[in-house]
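So you can see what is in the structure, the chains are spelled out below.
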Amino acid sequence: MRPAAPTAAGDETFNGGKLMPATEKKSPAARNENNGAVRNSAARLMELLEAHRGERHIIVLQDFPDPDAISTAFTHQIACEAYDITTDIVYSGRISHQQNVALVRLLNIELTRHEGAKDLKKYAGAIYLDNQGSTASQISKDLQAAGVPTLVVVDHHETQQDLSPEFVDIRRSIGATASIYAEYLQQGLLRLDSGVQDHVRIATALLHGIVTDTNGFIYAKPEDFQAASFLSRFKDADLLSQIMKQARSRQTMDITERALRNRTIVESFSISGIGYLRTDNRDAIPQAADFLLTEENIHTAIVYGIVTGDGWEETLVGSLRTAKITLDPDQFIKEAFGRDAGGHYFGGGKLSAGGFQIPIGFLAGGDKDDYRDQKWRLYDAQIKQKIFAEIGFDKDGDK
Ligand SMILES: [Mn+2]
């Protein structure tokens, strides 16, 4: 049986888009004029910040930010202070997972909810951390419309070409974006001092980001261990424990129960549609998937539901968790669900985890129970059909 590892606080959100070797896409600054002597990433990032001294930047997080995103945004924000750069950390969904709410409250990290395009012109540049815009599509669309240039993209998801940043550092081989930022810190982005409260908060937050994004280090790479080892010298262990020991909400328990009740098992896949849920409870989906994965003889769990809420476009959201080393979540999701009309994948992932989001679009809305039931049954059937096809079953789950 699989050990009950700490659940990732938040989903492994996807970044749709095309394959491209990360190394080929470097900012102009990366192509060094000094006879090819390569400066480290932190030096290049610091150069960029110096060139943008005194500006105001927007840090864009995915719609349902996870600790990896929140901690790197917070680190970037504090690092910018030395350059008189003011930053707002902006997201457009909800802070939904109980650990993430605790992280933001206990570390006093200020996050701003995206309320529309109107105020974006005040930003001289956009910073994308732990995402490349596809999981923050409304903000990224609004930023493009407002003509705000992309300055920085740091991520560990599959590369996509939608953004043309001045500085890009995308490493799919690393377990957490927080590990990349820890490396920047070691390279001099900010000299950590355990006597400085903000620095302790940064180290604690980044460590939490690494722990959750690597599923308690199970999927950690050498770089993640190295980053954690460095950060551990500055962390506040009591604070970290407080963040990680947050109890699950009653709604999360209820949704997990629904996932358990509705699950269909075929060939060691546990697949469960949980119907409708509110945006506030959206992060219960990956937690339910984590839970289904703890059943014996199950190597992969997929949980999905239709997420509704004020100021949120009705969307089918799903999470995949796998313990099967030969199953690539990114490939599985891309093959199973394909792309939208605009050519973007509905989802993707990384080692051991993936996610997908399918807009309900024209069929969105409608309060009548009958209509909602019909709509759910249709989506439920369609998702199962796609998954079964990918696994190699017919739609009734038979070989
Ligand atoms: Mn991440």
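This text goes with the structure placed above it.
We now turn to the structure provided with this report. (Residues numbered from 1 in each chain as written. Predicted model: local features only at pLDDT ≥ 70, side-chain atom pairs only at ≥ 80, totals over all residues.)

Time to look at the sheet that holds strand 1 (residues 56-60). Sheets are built from strands paired through backbone hydrogen bonds, the pairs being either parallel or antiparallel. Reading across the sheet, the six strands line up as 3-2-1-4-5-6 and stay open at both edges, with parallel pairing between neighbours. Looking along the sheet, the strands with just one partner apiece sit at the ends: strand 3 (112-113) and strand 6 (167-170). Bridge count for strand 5 (residues 150-155) against strand 6 is four bridges, and the pairing is parallel. The residue of strand 6 that forms the bridge with D155 is I170. Contacts from helix 1 (residues 41-51) reach strand 5 and strand 6, with the element oriented near 150 degrees to strand 6. (Pairing = 2+ DSSP bridges. Helix = DSSP H or I, 4+ residues; strand = E, 2+ residues; numbered from the N terminus. Contact = placed C-beta atoms within 7 Å. Axes fitted to C-alpha atoms, helices over the stretch in contact; angles between N-to-C directions.)

Let us now look at the packing of helix 6 (residues 197-213) against helix 8 (residues 237-244). With their axes 10 Å apart at the nearest point, helix 6 and helix 8 run at an angle of 45 degrees to one another. When the interaxial angle is binned, helix 6 and helix 8 end up oblique. The way helix 6 lies across helix 8 gives a crossing that is right-handed. Residues T204, L207 and H208 of helix 6 lie in contact with helix 8, whose contacting residues are L239, L240, I243 and M244. Here the residues of the contact of helix 6 with helix 8 sort into five nonpolar, two polar and no charged. (Parallel < 35°, antiparallel > 145°, perpendicular 65-115°, else oblique. Left-handed = near helix turned anticlockwise from the far one by under 90°. Nonpolar A, V, L, I, M, F, W, Y, C, P; charged D, E, K, R; others polar.)

What follows is about helix 10 (residues 284-292). Counting buried residues in helix 10 gives nine out of nine residues, a clear majority hidden from the surface. By the burial criterion, the buried members of helix 10 are A284, I285, P286, Q287, A288, A289, D290, F291 and L292. In this structure, the buried side of helix 10 is in contact with helix 9 (250-262), strand 8 (269-278), strand 9 (300-309) and strand 10 (312-322). (Buried ≥ 20, exposed ≤ 12 C-beta atoms within 10 Å, placed from the backbone.)

We now examine the packing of helix 3 (residues 98-106) against helix 8. Their axes nearest at 8 Å, the elements helix 3 and helix 8 cross at an angle of 145 degrees. On helix 8, the residues that touch Q99, A102, L103 and L106 of helix 3 are L239, Q242, I243 and M244. Taken together, the residues of the contact of helix 3 with helix 8 break down into six nonpolar, two polar and no charged.

Before going further, it helps to spend a moment on the pairing of strand 10. With eight of 11 residues buried, strand 10 is to be regarded as a mostly interior element. In sequence, strand 9 turns back onto strand 10 through a hairpin of two residues, with G311 there showing a positive phi of about 70 degrees. Relative to strand 12 (residues 353-359), strand 10 runs antiparallel, the two sharing seven bridges. Bridged to R321 within strand 12 is A353.

Glancing now at the environment of H114. Structurally, the position occupied by H114 is in the loop between strand 3 and strand 4 (125-129). Between the alpha carbons of H114 and S92 there is a distance of 4.8 Å; along the sequence they are 22 residues apart. Not counting the four nearest positions on each side in its chain, H114 is found in contact with V90, Y91, S92, Q138 and I139.

The next point concerns the nonpolar core. In terms of nonpolar packing, the biggest core is built from 62 residues, with I59, V60, L61, A126, I127 and L206 touching the most fellow members. It is helix 6 that contributes the most residues to this core, seven residues altogether. Excluding anything up to four places from it in sequence, I127 contacts H57, I58, I59, V60, H76, L151 and V152. Membership of the second largest hydrophobic core comes to 34 residues, among which are A284, I302, L320 and F388. (Core = buried A, V, L, I, M, F, W, Y, C linked by C-beta atoms within 7 Å.)

Further remarks concern unusual backbone geometry. Excluding glycine, residues mostly carry a negative phi; peptide bonds, for their part, are mostly trans. For N215, which is not glycine, the phi dihedral falls at a positive 55 degrees. Positionally, N215 belongs in the loop between helix 6 and helix 7 (222-232).

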